[in-house]
Amino acid sequence: MIVFDSVEKSFPKMDRPALDALSITIQPGKITGLVGPDGAGKTTMLRLVAGLITPTSGRVTAFGYDTTRQTRRVREILGYMPQKFGVYEDLTVVENLNLYAKLRNLPRRRRRERFEELLEFTNLARFTKRLARRLSGGMKQKLALACALITTPKILALDEPCVGVDPLSRRELWQMVRSQVDSETIVLWSTSYLDEAELCDETILLNDGNLVFVGAPKELASGLKDRVVRVSGVSAETRRKYVSELLLRPEIIDATIQGSSIRATLNRPFRPQTDPETLFDGYSVAPTAPRFEDGFIERLGGATKRIFGAERRAPLTTRNDENVVVADGLTKKFGDFVAASDISFQIKPGVIFGLLGANGAGKSTTFKMLCGLLKPTAGDGYVGGASLRRSPSSARNRLGYMAQKFSLYSDLTVRQNLNFYGGVYGLAIRERGEAIGRALDEFDLQRYADVKAGTIPLGYKQRLSLAVATLHSPDALFLDEPTSGVDPIARREFWNRVNQYASQGVAVLVTTHFMDEAEYCDRLALILDGRKIAEGTPDDLKSLATSGERPDPTLEDAFIYLIQRGRNEGGR
Amino acid sequence: MIRIERLTALIWKEWLQVFRDPSALMIAFLLPLIMIFLFGYGLSLDATSVKLGVALEDSSPTARSFFNALDASRYFSARYYTNRADAEAGLCDGDVRAVLVIPNDFSKRVEEGTLGPAQLLVDGADANTALIVENYATAAYAQWSATRLRELRGLDGFNKINLETRTIYNPEQSSRNCLVPGSTAIVLAMIGTLLTCMVVAREWERGTMEATLATPIGRLEMFLGKMIPYFLLGLAAALENAAVARYVLGVPFRGSILAFVYASGAFLFVATAQGVLISSVCRDQNLASQVALLSSFLPNYILSGVLFEIDAMPKALQMITYLFPARYYVVCLQTIFMAGDVWSLLNRQIGCIAVIGVVFCAAAIAKTPRRL
């Protein structure tokens, strides 16, 4: 077993410890999930186990070995897969295996047999001579897993193995790891996907370096039995508004859109006789099974209760019945490689449109073409009627773009950033001053107004990015994986703001790899290998995958089904 | 504790990566070629066909013959001016690099047997060329007047002592013969330090270092696994350099391959250890390459004595050159190429390099990470 004994880990230049007084015992024979948003302390825990960093105070032991003083002993029984690909990209699959076999002292006579086993099991047998660089994201992760498993380790430490991996590969990775667990193995699996936590046997839930919960994932949600409900029959036009109204009611601690219905958590058990009338305005309400995420939100004190979004000042330049964003056969080739092929879709005002796909599928390429950052090889895109080919700057002026990474000026203060971008978007001085004042109030940035943007907390950076993107009241809002790395409360808040913009008629294009976030979208397009393989509302896509053995598929089931169908049609 | 299998696995991996990475191959094999050709053809410290203005205020046949003698020399291309003012204007405009003024009593003085004073005006903007021009012009004048006097008065008149100069090791006194061997030091500093530290820093950036560190690999294995491949690569580049110098550029190679490998090995020992040390501290390709340029390439370029004479440097700077191995290595190279295997000299120089190498190695091993 692994024991954390009042472990604290601080890093220089950080205002609070990455892990704070953590005492915990991890038992073998199960998959233990380290769950939490980025910066919660998951990677720190894994690196402490591997002896890659040493605790500031306290002690970590693994099967009796002190990970600081007996590092080599620990590493002999450890399989470790870092968050960035741990495989050598310039080496082939089999060269990678060979390297790790030697580094980990796998006896020569057992190598052949073990390689065959691992190649078979990861489905990489066909690609042994291929450079790791040329593998897809999912295959790379499987190779990294095979490298970590090469000596059948007693501790398998996996740092976010499923980030950016398509849902099918993700499911396969889970099956692979599951098959490796025996009564003596400890598997540590870190993830920021809360739905993935439910697959673990045991979860350690962290937030901001603090332990929120330890136990079986079901236990976290079980406290919410009879408190989670599904509200259906709310029309698409009023749904978003209704969510923010619900959130203001004292009995409701959380509410989100889930496809065509609304999911809400109460602070007391649901009363089927009276609640639909008194609390839910006569809509049809049915209790539903609580999820891990519901439990997390409850532990963190519930979603923020306030109304987001002030009145829009500038009227939309697009008429109500026109498409705000149009992708018309967008194609991008890099040499021989087709990153995006003939991608078309339209987004009407007030619609949130989700672009889904694994890393490298082509969603970022499509996104960049629509932002005017990348010139399409063929096809065209329109924003507010302006062509990205012919008048890219006027098209760009009608959209607000929020990049995946924090891409504002770290050395400028919050106010200076807003001022600069207000200028870039061509706001006149007085108009700019008003817009900045409004943004500072609306996004609660007042207290950081004169602080350098690089030093404010992650959640606030994200708010600032959104504030900058909406400063010029754009017709369309483009969000590239906007919520990666922030805690679920901040994610709720973020989506409530985005919902506000959508209900004012702004068209929103969003990429995400959080499945639950895909449910917040009105329409979704699924991108696989550079092609759009499906488009529709979340419920449409789910119904495509409905079958006898799967009467009520989740969105993830639907994606796996569609990916498999897409691959088959793709002639593989 | 070193396990040979682990170490060879690391070295093999490094080789595979280098040979699959065009940029690494370019640094290892193309860069030496570019450098050696630059040093061989592009850079010359010899001044030939320097534009020299001659103001002939004396138009006698004697003075003209001096002018012709100057123009015929391969060091000068002489330009004729009738008076001093025109010549000075030419110097100002940069038409000529120096002006030699032959006064109107020149031939009279020569006939009288007194070496007449002639004025030399040199454009000092380029100090190096100015010095060379000054020396050449003075020598040319002295030689011409000596010959002239002999003609006039017979052999017994002047020059009782006839100084005959013989240059050994580099009889043509060609700067190429001295620069090209020296360039090997600069090339090896690039490969040994720059390539090594960039490759290691890249492993940090890509996250492969984290995965490798989490294996039971030891500090010494990690260090040697990085150092040995680039040491061998550097040695290959050194031999490539020597071959090109010898067979393409025609620089003499009077020593033995053994001595060359011995000296180059010692120098590479320092350079690669320094590369590993930099990458352990920097972990970022940009930063690592900056540090490598500042701490290895530039000092080796400027303070090694290849381009700039160490004895001409200020005392303080001279002391600093003792800290850089290039100083010793350049002496070895020039000795091996020009003179041959002078073991007493080589051993002393290589001993100094080895001392520096041990210091760098100890620092690099101590800094080789076992944790993040």
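Not measured: the values here are computed from a predicted model.

Caption draft 1: Summary view of the overall build of chain B. Regarding its fold elements, chain B presents 14 helices and 4 strands. For chain B, whose C-alpha radius of gyration is 27 Å, the value lies well above the compact-globule estimate of 21 Å for 372 residues. With the C-alpha coordinates aligned to their principal axes, the bounding extent of chain B is approximately 90 × 45 × 40 Å. Accessible area of chain B: about 17,200 Å², with a carbon and sulfur share of 61%. Put simply, chain B has 31 plus and 30 minus side-chain charges, and the middle of one group is 10 Å from the middle of the other.

Caption draft 2: How the structure looks around the interface of chain B and chain A. Taken together, the contact between chain B and chain A spans 28 residues of the former and 33 residues of the latter. On the chain B side of the interface with chain A, the three residues burying the most area are B:Arg20, B:Pro216 and B:Arg371, jointly 22% of the side's total. Applying the counting rule to chain B against chain A returns 5 salt bridges. At the boundary of chain B and chain A, one finds 18 residue pairs in polar contact (both at pLDDT 80 or more). Going through the elements one at a time, helix 1 (4-20), helix 7 (176-206) and helix 8 (208-213) of chain B are the ones with two or more residues in the side of chain B that touches chain A. Considering every element that reaches the side of chain B that touches chain A, the biggest residue donor is helix 1 of chain B, with 8 residues.

Caption draft 3: Here's a closer look at the domain arrangement of chain A. Residue and element names in this part refer to chain A. Split into domains, chain A comes out as domain 1 (2-215), domain 2 (223-299) and domain 3 (407-473). Put simply, the middle of domain 1 and the middle of domain 2, counted by C-alpha atoms, are 37 Å apart. On the domain 2 side, the residues contacting the 11 residues of domain 1 number 5 residues. Together, the buried faces of domain 1 and domain 2 total about 700 Å²; carbon and sulfur atoms form 81% of this surface. Scanning the region where domain 1 abuts domain 2 turns up 0 salt bridges. Applying the counting rule to domain 1 against domain 2 returns 2 residue pairs in polar contact (both at pLDDT 80 or more). Mapped onto the side of domain 1 that touches domain 2, the elements with two or more residues apiece are helix 7 (194-197), strand 9 (202-207) and strand 10 (210-215). The element best represented in the side of domain 1 that touches domain 2 is strand 9, accounting for 4 residues.

Caption draft 4: View of helix 14 (residues 343-367) of chain B. All names here are of chain B. With 25 residues, helix 14 extends 35 Å from end C-alpha to end C-alpha; this agrees with the ideal 36 Å at 1.5 Å per step. Along helix 14, the positions that sit buried rather than exposed are Leu346, Gln349, Ile350, Ile353, Ile356, Gly357, Cys361 and Ala364. On its buried side, helix 14 packs onto helix 9 (219-248), helix 10 (257-282) and helix 13 (325-339).

Caption draft 5: Inspection of the pairing of strand 15 (residues 325-334) of chain A at higher detail. All names here are of chain A. Taking burial as the measure, the 10 residues of strand 15 include 7 buried ones, the bulk of the element. When strand 15 meets strand 16 (residues 337-347), the two strands line up antiparallel, connected through 7 bridges. Looking at the pairing, Lys333 lines up with Val338 of strand 16. What sits between strand 15 and strand 16 in their antiparallel hairpin is a turn of 2 residues, with Gly335 showing a positive phi close to 65°. Sheet topology note: the strand 15/strand 18 (residues 378-383) ladder contains 5 bridges and is antiparallel. Paired with Val326 across the strands is Tyr382, a residue of strand 18.

Caption draft 6: Representation of the pattern of salt bridges within the structure. Residues and elements named next belong to chain A. For the structure shown, the criterion picks out 46 salt bridges over all chains. For Arg112, the salt bridge identified is with Glu116, shortest N-O distance 3.9 Å. With a gap of 4 residues between them, Arg112 and Glu116 both fall in helix 4 (residues 108-122), about one helical turn apart. The class of Arg112 is exposed, set by a relative accessible area of 66%.

Caption draft 7: Summary view of unusual backbone geometry. Residue and element names in this part refer to chain A. Of note in the backbone geometry, Thr152 takes a positive phi value of approximately 40° without being a glycine. Looking at the element boundaries, Thr152 is found in the loop between helix 5 (137-148) and strand 7 (155-159). Since its relative accessible area comes to 43%, Thr152 is described here as partly exposed. Backbone geometry places Asp529, a non-glycine residue, at a positive phi of 50°. Inspection of the secondary structure puts Asp529 in the loop between strand 23 (523-528) and strand 24 (531-536). A residue is classified by how much of its surface remains accessible, and Asp529, at 38% relative accessible area, is partly exposed.

Caption draft 8: Structural view of the nonpolar core. Ranked by internal contacts, the top residues of the largest apolar core, which has 79 residues, are A:Ile2, A:Phe4, A:Ile26, A:Met45, A:Leu143 and A:Leu145. The element best represented in this core is helix 5 of chain A, accounting for 7 residues. Leave out the neighbours within four places in its chain, and A:Met45 touches A:Phe4, A:Leu19, A:Leu22, A:Ile24, A:Ile26, A:Leu34, A:Ile204 and A:Leu206. Among the nonpolar cores identified, the runner-up in size contains 60 residues, and B:Ala185, B:Ala201, B:Ala238 and B:Val270 belong to it.

Caption draft 9: Local environment of the side chain of A:Ser190. Residues and elements named next belong to chain A. Within the element layout of this structure, Ser190 appears in strand 8 (residues 186-191). We classify Ser190 as buried; its relative accessible area is 0%. Here the side chain of Ser190 touches Glu160 through a polar contact of 2.9 Å, landing on its backbone nitrogen.

Caption draft 10: Highlighting the pairing of strand 4 (residues 57-62) of chain A. All names here are of chain A. Two elements, strand 1 (residues 2-9) and strand 4, share 5 bridges in a ladder whose sense is antiparallel. Note that in strand 4 the partner of Phe4 across the bridge is Val60. Judged from the 2 bridges that link them, strand 4 and strand 5 (residues 65-66) form a sheet pairing that is antiparallel. Across the sheet, residue Thr61 finds its bridge partner in strand 5, namely Asp66. From the end of strand 4 to the start of strand 5, which pair antiparallel, there are 2 residues, and Phe63 there has a positive phi angle of about 50°.

Caption draft 11: Looking closely at the sheet that holds strand 9 of chain A. Residues and elements named next belong to chain A. With mixed pairing, 6 strands are arranged side by side in an open sheet as 6-7-8-3-9-10. Of all strands in the sheet, those with a lone pairing partner are strand 6 (78-81) and strand 10, marking the two edges. Pairwise comparison of adjacent strand axes, ignoring direction, gives a mean angle of 15° for this sheet. Note: strand 6 against strand 7, 4 bridges, orientation parallel. In the strand pairing of strand 7, Leu78 is matched with Ile155. Of the strands in this sheet, strand 3 (30-35), strand 9 and strand 10 touch helix 11 (residues 292-299), which is tilted by about 40° from strand 9.

Caption draft 12: Layout of the environment of A:Pro161. Residue and element names in this part refer to chain A. Tracing the backbone shows Pro161 in the loop between strand 7 and helix 6 (167-180). The spacing of Pro161 and Lys84 is 77 residues in sequence and 9.0 Å in space, taken between C-alpha atoms. Beyond its immediate chain neighbours, meaning those up to four positions away, Pro161 contacts Met81, Gln141, Leu173, Trp189 and Ser190.

Caption draft 13: Broad picture of helix 14 (residues 414-424) of chain A. All names here are of chain A. Taken together, the buried positions of helix 14 are occupied by Val414, Asn417, Leu418, Tyr421 and Gly422. The buried side chains of helix 14 occupy one side of the element, clustering within an arc of 130° when seen end-on. In this fold, the buried residues of helix 14 make contact with helix 15 (429-442) and helix 16 (458-470). Following helix 14 by one or two positions, Gly426 has its phi on the positive side, about 80°.

Caption draft 14: How the structure looks around the packing of helix 14 of chain A against helix 15 of chain A. Residue and element names in this part refer to chain A. Helix 15 packs onto helix 14 with a crossing angle of 135° between their chain directions and a minimal axis gap of 10 Å. When the axis of helix 14 is compared with that of helix 15, the two are oblique. In this structure, the crossing between helix 14 and helix 15 has a hand that is right-handed. Counting all contacts with helix 14, which are made through Val414, Arg415, Leu418, Asn419, Gly422 and Gly423, the residues of helix 15 involved are Arg432, Ile436, Ala439 and Leu440. Classifying every residue of the contact of helix 14 with helix 15 by side-chain character gives 5 nonpolar, 3 polar and 2 charged.

Caption draft 15: Quick look at the packing of aromatic side chains. Under the criterion given, the structure shown has 20 aromatic pairs over all chains. Note on A:Trp495 and A:Tyr520: the rings are 5.0 Å apart at their centroids and 75° apart in plane angle, and the pair reads as edge-to-face. In this pair, A:Trp495 sits in helix 17 (residues 488-503) while A:Tyr520 sits in the loop between helix 18 (515-518) and strand 23, placing the two residues 25 residues apart along the sequence. A network of ring pairs unites the aromatic residues A:Phe367, A:Tyr401 and A:Phe478 as a single cluster. In this structure, A:Arg170 is placed above the aromatic ring of A:Tyr193, and the distance from its NZ or CZ to the ring centre is 4.6 Å. Above the plane of the ring of B:Tyr247 lies B:Arg246, whose end atom (NZ or CZ) is 5.1 Å from the centre.

About the cut-offs
- Each chain has its residues counted from 1, running along the sequence as written.
- Naming scheme: in the order in which they are written, chains are lettered from A and ligands are numbered from 1.
- At least 70 in pLDDT is required for a residue's local features to be given in this predicted model, at least 80 for side-chain atom pairs to be given and counted, and no such filter applies to totals for whole chains, interfaces and linings, which use all residues.
- Heavy atoms throughout the structure, all of them, feed into the side-chain values; hydrogens and water do not.
- Put simply, DSSP marks the helices as runs of H or I at least four residues long and the strands as runs of E at least two long, and each gets a number from the N terminus on.
- When we talk radius of gyration, it's over C-alpha atoms, and the globule rule is simply 2.2 Å times the number of residues to the 0.38.
- Each accessible area is a Shrake-Rupley result for a 1.4 Å probe, and residues are judged covered by the shown protein chains and nothing else.
- Counting rule applied: Lys, Arg positive; Asp, Glu negative; His and chain ends not counted.
- Where a charge sits is defined by one atom per residue type, namely NZ (Lys), CZ (Arg), CG (Asp) or CD (Glu).
- Contacts were defined at the residue level, with two residues in contact if any of their heavy atoms lie within 4.5 Å.
- Here's the idea: put two parts together, see how much 1.4 Å probe accessible area each one loses, and the total over both is what we call buried area.
- The salt bridge criterion pairs a side-chain nitrogen of Lys or Arg with a carboxyl oxygen of Asp or Glu, the two atoms within 4 Å.
- Nitrogen and oxygen atoms within 3.5 Å of one another constitute a polar contact, given that in protein one can donate a hydrogen and the other can accept it, and given that sequence-neighbouring residues count only through two side-chain atoms.
- An automatic or database domain assignment supplies the residue ranges for each domain.
- To estimate the expected span of a helix, count its residues, drop one, and scale the result by 1.5 Å.
- Partly exposed describes any residue whose relative accessible area lies between the buried limit of under 20% and the exposed limit of over 50%, with all areas from a 1.4 Å probe on protein chains only and scaled to the type maximum.
- The criterion for strand pairing is that DSSP finds at least two bridges linking the strands in question.
- Among buried residues, the Ala, Val, Leu, Ile, Met, Phe, Trp, Tyr and Cys ones that are joined through side-chain atoms within 4.5 Å form a nonpolar core.
- With axes taken as lines fitted to C-alpha atoms, and helix axes fitted only over the stretch in contact, angles between N-to-C directions fall between 0 and 180 degrees.
- By construction, the arc corresponds to the directions joining the helix axis to the C-beta atoms.
- Convention used here: angles under 35 degrees read as roughly parallel, angles over 145 as roughly antiparallel, angles from 65 to 115 as roughly perpendicular, and any remaining angle as oblique.
- Here a crossing is taken to be left-handed if its near helix is turned anticlockwise relative to the far helix by less than a right angle, and right-handed if that turn runs clockwise.
- Gly is placed with the polar residues, together with every amino acid not listed as nonpolar (Ala, Val, Leu, Ile, Met, Phe, Trp, Tyr, Cys and Pro) or charged (Asp, Glu, Lys and Arg).
- Here a Phe, Tyr or Trp ring, Trp counted by its six-membered ring, pairs with any other such ring whose centre lies within 6.5 Å, and the pair is stacked when the planes are under 30 degrees apart, edge-to-face when over 60, and tilted otherwise.
- Throughout this description, the term charge over a ring refers to an Arg CZ or Lys NZ atom that lies within 6 Å of the ring centre and within 35 degrees of the ring normal.

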